[in-house]
Amino acid sequence: MSNIMCPVCGSEDLTQENRNEKRQLTLGQPYEYSVVVYHCNNCGEYGDFSEENETVRLHYLELAEDKLAADLIEQIEERKISNASFERALEIPPRTLTKWKKGKVSATGLALLRLITAMPWLLLIAEAKYTPLAMAQVLSKALHELCVKHNIPISFEKDHADEPRVVVTFYTPQQQVPNNGFSTIQSGT
Ligand SMILES: [Zn+2]
């Protein structure tokens, strides 16, 4: 560490200071680590003179990503979705989840885990080979369940205009939901 010098004046008369940084990945727990900053006692320059902080940040980011992947996989397993059915539905290689659990998750893998954890019914759509009818059925049920779970008032109406379509109306908590609040989305006739 004796070769660290001020990038401005070249002085080695430096004061070292630890600084905590707090980060959080989407859907992850907050995590903290400390980086080292230097203060030049000769010219007053201040900063990461050793240029080692990026390595520290990257290290903790990777740890956080591995932890998040393991947590998300656990949440998926808690929903009684087996690793094999996950991999089969998404047509990814067997034992991919095992690999991710061991801390070899890519950014793409992590993105996929976030999506499936937030919207596990996407697996049903994938299983049904993304057919429009399956998507409509799964989405209507998922939307219904989401609204019930989070107490979001909603009603489905069928619009009998020239082009049949489904109108979904969200109600603010202050508004009254019409009598038979929920109905299933019907395909247009
Ligand atoms: Zn200096």
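Along each chain, the written sequence defines residue order, and numbers are assigned to residues from 1. Per-residue local features of the predicted model are confined to residues with pLDDT of at least 70, and side-chain atom pairs are confined, for both listing and counting, to 80 or more; whole-chain, interface and lining totals are unaffected and use all residues.

A. Spotlight on the overall build of the protein chain. Think of it this way: any DSSP run of H or I at least four residues long counts as a helix, any run of E at least two long counts as a strand, and we number them from the N terminus. Looking only at helices and strands, one finds six helices and five strands in the protein chain. Neighbour counting defines burial: a residue surrounded by 20 or more other C-beta atoms within 10 Å of its own C-beta is buried, one with 12 or fewer is exposed, and intermediate counts give partly exposed, using backbone-placed C-beta atoms. Buried residues in the protein chain amount to 8% of all 189 residues. Throughout, a pair of residues is in contact if the C-beta atoms placed from their backbones lie within 7 Å. Restricting to contacts in the protein chain with at least 6 residues of sequence separation, those with at least 24 account for 53%.

B. Main features of unusual backbone geometry. Look at E51: it is not a glycine, yet its phi comes out positive at around 55 degrees. Inspection of the secondary structure assignment puts E51 in the loop between β3 (46–47) and α1 (53–78). A tally of 10 C-beta atoms within 10 Å means that E51 is categorised as exposed. In this model, E91 sits at a positive phi of 55 degrees, which is unusual for a non-glycine residue. Turning to its location among the elements, E91 is positioned in the loop between α2 (83–90) and α3 (96–101). The exposed category is assigned to E91, around which 8 C-beta atoms lie within 10 Å.

C. Quick look at the sheet that holds strand β2 (residues 30–40). On the basis of which strands lie adjacent, the open sheet formed by three strands has the order β1-β2-β3 and antiparallel pairing. Edge positions in the open sheet fall to β1 (14–24) and β3, since each of these has one partner strand only. Pairing between two strands is assigned when DSSP locates at least 2 bridges connecting them. Strand direction decides the pairing type here: β2 and β3, joined by two bridges, are antiparallel. Note on β3: the bridge partner recorded for Y38 is G47.

D. Local environment of the environment of A111. Within the fold, A111 resides in helix α4 (residues 107–118). Residue class for A111 comes out exposed when judged on the 12 C-beta atoms lying within 10 Å of it. Separated by 85 residues in sequence, A111 and T26 place their C-alpha atoms 9.7 Å apart.

E. Structural context of the pairing of β1. Counting buried positions along β1 yields one of 11 residues, so the element is predominantly exposed. As consecutive antiparallel partners, β1 and β2 are separated by five residues, and within that stretch L27 has a phi angle of approximately 70 degrees, a positive value.

F. Main features of the packing of α1 against α4. α4 packs onto α1 with a crossing angle of 35 degrees between their chain directions and a minimal axis gap of 10 Å. When you trace α1 past α4, the crossing you get is left-handed. For the pair formed by α1 and α4, the contact residues are E65, L68, A69, L72, I73, Q75 and I76 on the first element and G109, L110, L113, R114, I116 and T117 on the second. Looking at the contact of α1 with α4 residue by residue, the classes come out as eight nonpolar, three polar and two charged. Note on geometry: axes are C-alpha line fits, over the in-contact stretch for helices, and angles between N-to-C directions span 0 to 180 degrees. Helix crossings get a hand from a simple test, with the near helix turned counterclockwise from the far one by less than a right angle marking a left-handed crossing and a clockwise turn marking a right-handed one. Residues were grouped as follows: Ala, Val, Leu, Ile, Met, Phe, Trp, Tyr, Cys and Pro as nonpolar; Asp, Glu, Lys and Arg as charged; and all remaining residues, including Gly, as polar.

G. Geometry of the nonpolar core. To count as a nonpolar core, a set of buried Ala, Val, Leu, Ile, Met, Phe, Trp, Tyr and Cys residues must be joined through C-beta atoms within 7 Å. Formed by L68, A69, L72, I73, F86, L97, W100, V105, L110, L113 and I116, the largest nonpolar core amounts to 11 residues. If you list the elements that add at least two residues to this core, you get α1, α3 and α4. No other element matches the four residues that α1 contributes to this core. Discounting chain neighbours no more than four positions away, the residues touching A69 are W100, K101, V105, G109, L110 and L113.

H. Main features of the pairing of β2. Judged from the 11 bridges that link them, β1 and β2 form a sheet pairing that is antiparallel. Within β2, the position partnered with N20 by the bridge is S34. Joining the antiparallel neighbours β2 and β3 is a turn of five residues, in which G44 adopts a positive phi near 90 degrees.

Geometric descriptors of this kind do not, in isolation, establish any biological role.
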